[in-house]
Amino acid sequence: FTGSQMVLTQKLYMIAFNLYDGELLAKGKEDRAAKKLAKYSLKETPGLLEFLGYTFCFSTILAGPASEYITYARACDGSAFKTPSGKPCKPPSNLIPTLKPLAISLFCLGVHLTLSPMFPLLNQTHPQTGTPFILQEEFLAQPWFFRYFHSWMGLFALREKYYFGWKNAEGAANVWYSGFDGFDEDGNSLGWESSNNINILGFELAQDLQSATKNWNIKTSFWLTRYVYMRTNGNLFAVYALSAFWHGFYPGYYMFFLSVPLPTICDRMAKKKLGPYFSKSKYTLYGIISFLATSISMNYMILPFVMLAYSWSWDAYQTNYFFGHIGCIIYYVILAMLPKPKAAGDKKKVA
């Protein structure tokens, strides 16, 4: 139920801004965000049937993704099967775009059902009231490295549940072509990214927090970027605060989202001060270290998102010695003391 409410919130939020942008553009008012998002703007208010069809669309109501109204409307009226100039094109086969995400979703479900019992995070008998497994005395008696590895695997298993839902919804959207991106002027297919809400390998192998964010819950990332970040002059705090409020009122959400700006700031500074000196390849020593640092810090920061209760969230951080927060602060101080990189012509890339 809460998942559907979250999707509805996104859709109502987006269509309200689409109408607002359409009015601004029609009146010729200067608005940077409205101009950048002009292709999603609406000149007229959709009819009741169209509005209800969009908000309660069967393929997205349970797990998303919350697509733009224009994307939904193009699939309904058939304009997705025309070039920008209006030339009709033959709809491409949707067999593979439907069956592939379905197969991936079932595989992820199998991984989730296999690993979750092996690496539990919450109390297996009473998950809402019982002491979480990772905070029980017997578990805390284990070495820290073992405990963190268990949490890492438990979080990986938990993510598989989200992969199952999103990939399943992607296939459902592609059944009726709402995930089809349309054609270019030459009649070439633009792909099926409109329904894609997760890049599994892109997220799991991300080398920095920005890449991880862009590959996780992609349409929500678009929503926050287009209708929060761009509307608040790039206010990162507003983005994370609204994201926490959108998820609900559990303290764990706020502890997580208000902690994330710390590694985000470090990530941005590292790109400015260290990035120019190293290759961007994933297979260099720098790339491997970046991947490990991102994965380790991210899986630490997200623990309250699972614990939810304040006391459990605090204990989850405390039993890990707040290493993620302390490490980010130390890293930031070190980066702040480093000199700025030289001009582009003087840079020398290393491994």
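This text goes with the structure placed above it.
Throughout what follows, the structure given in this document is the object of discussion. Position numbers for residues count from 1 along each chain, tracking the sequence in the order it is written. Reporting in this predicted model follows two pLDDT cut-offs: at least 70 for local features of residues, and 80 or more for side-chain atom pairs to be given and counted; totals over whole chains, interfaces and linings ignore these cut-offs and use all residues. Heavy atoms from the whole structure form the basis of all side-chain values; hydrogens and water molecules are not counted.

Each helix corresponds to a stretch of at least 4 residues labelled H or I by DSSP, and each strand to a stretch of at least 2 residues labelled E; elements are numbered beginning at the N terminus. Mapped onto the elements, arginine 159 comes out in helix H7 (residues 144-175). The contact definition used throughout considers only heavy atoms, calling two residues in contact when any of these lie within 4.5 Å. The residues contacting arginine 159, other than those within four sequence positions of it, are Phe203, Glu204, Trp216 and Asn299.

Now for the nonpolar core. Counting residues in each nonpolar core, the largest one holds 25 residues, and the members touching the most others are Tyr163, Phe256, Phe257 and Met301. With four residues, the single largest contributor to this core is helix H12 (residues 251-257). In this view, tyrosine 163 contacts Cys108, Ile198, Ile200, Phe203, Glu204 and Trp216; residues no more than four positions away in its chain are not counted. To qualify as a nonpolar core, a set must consist of buried Ala, Val, Leu, Ile, Met, Phe, Trp, Tyr and Cys residues joined through side-chain atoms within 4.5 Å. Relative accessible area decides the class of each residue, using a 1.4 Å probe on protein chains only: under 20% of the type maximum gives buried, over 50% gives exposed, and in between gives partly exposed. Formed by 19 residues, the second largest nonpolar core is a distinct cluster that contains Tyr40, Tyr54, Tyr69 and Val239.

Attention now goes to helix H4 (residues 69-77). Burial in H4 covers these residues: Tyr69, Thr71, Tyr72, Ala73 and Ala75. Among the structural elements, helix H1 (2-26) and helix H3 (48-55) are those in contact with the buried residues of H4.

Where helices are involved, their axes are fitted lines through C-alpha atoms of the stretch in contact, as for all axes, and angles between N-to-C directions lie from 0 to 180°. In contact at an axis separation of 10 Å, H1 and helix H11 (residues 236-247) are set at 130° when each is read in the N-to-C sense. As judged from the angle between their axes, H1 and H11 are oblique. When H1 is examined against H11, the residues Met6, Thr9, Gln10 and Tyr13 are found in contact with a partner set consisting of Leu242, Trp246 and His247. Along the lines of polarity and charge, the residues of the contact of H1 with H11 split into four nonpolar, three polar and no charged. Roughly parallel means an angle under 35 degrees; roughly antiparallel, over 145; roughly perpendicular, 65 to 115; everything else is oblique. Gly counts as polar in this scheme, as do all residues outside two lists: the nonpolar Ala, Val, Leu, Ile, Met, Phe, Trp, Tyr, Cys and Pro, and the charged Asp, Glu, Lys and Arg.

Here the focus is the side chain of threonine 98. One can find threonine 98 in helix H5 (residues 95-115). On the basis of relative accessible area, threonine 98 is assigned to the buried category, the value being 13%. A distance of 2.6 Å separates a polar side-chain atom of threonine 98 from the backbone oxygen of asparagine 94. Residues in contact with threonine 98, not counting those within four places in the same chain, are Gly171, Asn174 and Val175. N or O atoms closer than or at 3.5 Å make up a polar contact, with two conditions inside protein: a donor-capable atom paired with an acceptor-capable one, and, for residues adjacent in sequence, both atoms drawn from side chains.

Take the layout of surface pockets next. Two kinds of site are reported from a 1 Å grid over the protein atoms alone, namely cavities, where a 1.4 Å probe fits but cannot get out, and pockets, open sets with protein on both sides within 12 Å along at least five of seven lines, and residues are called lining when an atom falls within 4 Å of a point. Grid points are joined across faces, edges and corners, and a volume is the space filled by probe spheres set on the points. Roughly 880 Å³ of volume is contained in the second largest pocket. For the second largest pocket, the lining is made up of 36 residues, of which Gln207, Asp267, Ser290, Thr294 and Tyr331 are closest to its centre. Where the lining of the second largest pocket is concerned, the elements lending two or more residues are helix H9 (209-215), helix H13 (261-273), helix H14 (285-301) and helix H17 (323-337). Take the lining of the second largest pocket: its biggest share by element is eight residues, from H14. Residue composition of the lining of the second largest pocket, by class: 16 nonpolar, 13 polar and seven charged.

Before going further, it helps to examine the environment of isoleucine 70. Take isoleucine 70: it is sitting in helix H4. You can call isoleucine 70 partly exposed: its relative accessible area is 26%. With 16 residues separating them in the primary sequence, isoleucine 70 and tyrosine 54 have C-alpha atoms 9.8 Å apart.

Geometric values such as these leave the question of function open.
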